[in-house]
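Observations on the three-dimensional arrangement
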Amino acid sequence: MSDHAVLHVKGRVLAGPDDVRDELWVVGGRVTYDRPAGAGDVRAIEGWALPGLVDAHCHVGLGAHGPVDADTAEKQALTDREAGALLIRDAGSPSDTRWVDDRDDLPKIIRAGRHIARTRRYIRGYAHEIEPADLVAYVGQEARRGDGWVKLVGDWIDRGVGDLAPCWPREAVEAGIAEAHRLGARVTAHCFAESSLRDLVESGIDCIEHATGLTLDLIPLFAERGVAIVPTLVNIATFPDLAAGGEKRYPHWSAHMRRLHERRYDTVRDAYDAGIPVYVGTDAGGSLPHGLVAAEVAELVTAGIPPVEALAATSWAARAWLGRPGLEEGAPADLVVYESDPRADVRVLAAPRRVVLNGLVVQ
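Residues numbered from 1 in each chain as written. Predicted model: local features only at pLDDT ≥ 70, side-chain atom pairs only at ≥ 80, totals over all residues. Heavy atoms only, no water.

A tally of helices and strands in the protein yields 12 helices and 20 strands. Computed over its C-alpha atoms, the radius of gyration of the protein comes to 21 Å, within 12% of the 21 Å expected for a compact globule of 363 residues. Each principal axis of the C-alpha distribution contributes one length, and for the protein these read about 70 × 40 × 35 Å. Out of the 363 residues in the protein, the part that is buried amounts to 55%. (Helix = DSSP H or I, 4+ residues; strand = E, 2+ residues; numbered from the N terminus. Rg over C-alpha atoms; globule rule 2.2 N^0.38 Å. Buried < 20%, exposed > 50% of the residue type's maximum accessible area, 1.4 Å probe, protein only.)

Further remarks concern the nonpolar core. The biggest cluster of nonpolar side chains holds 78 residues, and the ones touching the most others in it are Ile205, Ile208, Phe222 and Leu300. Looking at which element gives the most residues to this core, the answer is helix H10 (residues 293-303), with 5 residues. Look past the residues within four positions of Leu300 in its chain and what remains in contact with it is Pro231, Leu233, Val268, Val278, Val280, Ile305, Ala310 and Ala313. Core analysis: the second largest hydrophobic core is formed by 16 residues, Leu24, Ile45, Val337 and Val356 among them. (Core = buried A, V, L, I, M, F, W, Y, C linked by side-chain atoms within 4.5 Å. Contact = heavy atoms within 4.5 Å.)

In space, the 7 strands of this open sheet follow the order E3-E2-E1-E4-E18-E19-E20, with mixed pairing throughout. Where the open sheet ends on each side, the last strands, each with one partner, are strand E3 (30-32) and strand E20 (360-361). Note that strand E2 (residues 20-27) and E3 share 3 bridges and pair antiparallel. Paired with Trp25 across the strands is Thr32, a residue of E3. (Pairing = 2+ DSSP bridges.)

By the element assignment, Ile236 lies in helix H6 (residues 233-236). In the structure, Ile236 is positioned 81 residues away from Ala317 in sequence and 23 Å away in space, judged by C-alpha atoms. Other than its neighbours up to four places away in sequence, Ile236 contacts Phe192, His210, Thr212, Pro231, His261 and Arg264.

To continue, consider the pairing of strand E8 (residues 85-90). For E8, the buried fraction is high: 6 of the 6 residues fall into the buried class. When strand E5 (residues 53-58) meets E8, the two strands line up parallel, connected through 4 bridges. What sits directly across from Leu53, in E8, is Ala85. Relative to strand E9 (residues 108-111), E8 is paired through 4 bridges, and the arrangement is parallel. Within the sheet, the bridge partner assigned to Arg89 lies in E9 and is Ile110.

The topology assignment puts His261 in helix H8 (residues 251-262). Each residue touching His261, except ones within four places of it in the same chain, is listed here: Ile236, Ala237, Phe239 and Pro240.

This paragraph deals with the packing of helix H7 (residues 239-246) against H8. Closest axis-to-axis distance for the H7/H8 pair is 8 Å, and the angle between their directions is 170°. Considering their axes alone, H7 and H8 lie roughly antiparallel with respect to each other. Across from Phe239, Pro240, Leu242, Ala243, Ala244 and Gly246 in H7, the residues of H8 making contact are Pro251, Trp253, Ser254, Met257, Arg258, Leu260 and His261. When the residues that make up the contact of H7 with H8 are grouped by side-chain class, the tally is 9 nonpolar, 3 polar and 1 charged. (Axes fitted to C-alpha atoms, helices over the stretch in contact; angles between N-to-C directions. Parallel < 35°, antiparallel > 145°, perpendicular 65-115°, else oblique. Nonpolar A, V, L, I, M, F, W, Y, C, P; charged D, E, K, R; others polar.)

Our focus in this paragraph is the pattern of salt bridges. Under the counting rule described, the total for this entry stands at 23 salt bridges. Between Asp19 and Arg21 there is a salt bridge; the shortest N-O distance is 3.0 Å. Residue classification places Arg21 among the partly exposed residues on the basis of a relative accessible area of 31%. As a salt-bridge pair, Asp101 and Arg98 come within 3.6 Å of each other at their nearest N and O atoms. With relative accessibility at 30%, the residue Arg98 sits in the partly exposed group. A network of salt bridges, in which partner residues are shared, links Arg170, Glu174, Arg198, Asp199 and Glu202. (Salt bridge = Lys/Arg side-chain N within 4 Å of Asp/Glu carboxyl O.)

On the basis of which strands lie adjacent, the open sheet formed by 3 strands has the order E5-E8-E9 and parallel pairing. Each of the sheet's edge strands pairs with one partner strand only, and the pair in question is E5 and E9. Sheet twist, expressed as the mean angle between neighbouring strand axes with direction ignored, is 20°.

Put into C-alpha cells, the structure is as follows:
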C-alpha cells in the first residue's frame, strides 16, 4: 500500500463511549466521516475501532540502570505501538527521545523531562538528584525541556528511618509547582506513601503517580482539587517481591509496601467512586516491559472500575486530559481495530486486529 492511501474503516467506530458510528475514512492521514469523492486506492478495514490507546505513565529510553541507546528505545516504542498504545505520556526519562517525533511509524510522546529527585532518594541513574534549594531551578529547566509536564519524586525510602518518607519540604514543592505553572506546565509526582500527598495536593499538583497511599481522609481533597491519579497497578503487583527483597534490612518499609499492595484495589475503587479522575499507565521502562496497556486496563476493571470507564481511561478521556484528539473530524488517524466490542470485554485490547498510526497501517 502506498503512503496515506485512502482507508475505509467500517463495522463500529467508537468515537466516544456513546458515540458509535458505522464507518470512517482516512484521507491524507486524517480522519473524515465524509465519503471521499473519486477515491482510487482504497483499503478496507473491518472491526471495532478505538482511538489509539494512551499509556499515561511510560518511560521510553529508560532501562533498569538508566538511559538506553536509541535502538533499545526504538524497540520499546515499537512494542508499545504493537499493543495499541499510540500516545504516551513519558513520565520521566534521562534520554533525549526527540528523534521519535520525526517518525510517522512510532507513537506520539508527551514528555515530562527527566525525573527530579532528592539526593540519593531514588533509583540511581534515573533522575536529577538535587536538594530543595535547587528545586525551582530544575523544575524550570525540565518544564522548558518537556511537553507541558514536569515529574517530581514525591517520596522514597529514607534509609535513616527505614521507611518511605516525603522527599521535599512543603515550601519547596509550593515554589516548584508554582514555577511549573508559571511556565505553562503541569506537575505530577511519584508517590507510594501516604505522608507526602497532602502537601503536594495543597501546593497545587496536577496528578499523582501510583497513589497507593491515597487514604479515605485524603480522597475528598483530591476530588475537590481535581487531582488525577495514574495507579500503574501492573507495577504495584511487584510490591510483594520488592518487600521480600528488603525484609532483612528495612522491615518497616517491607511491611508498609505489603500493606499498600494489599489495599491497592480498594484504593483505586474508592478514588473512582469519589470522582477522582483515573487514567491508565503501565510504568513500562526501567524494570517493567513495554506493551502492558491492555493488562493495566484489565487491572482497573478488577479494581471495580466499570469496563467502559476503564476503557475511557486509556482512550477518549485520557486523550482529552492530555489535550490530544481522538477520532474527531480532521484529527490524525491514530486508531486501533479489534475483533469485537472492547466495551463488552476489555480483554480484547490484548489482541489488536489492526493498528493505524498517522493514517498508515503499521500492523
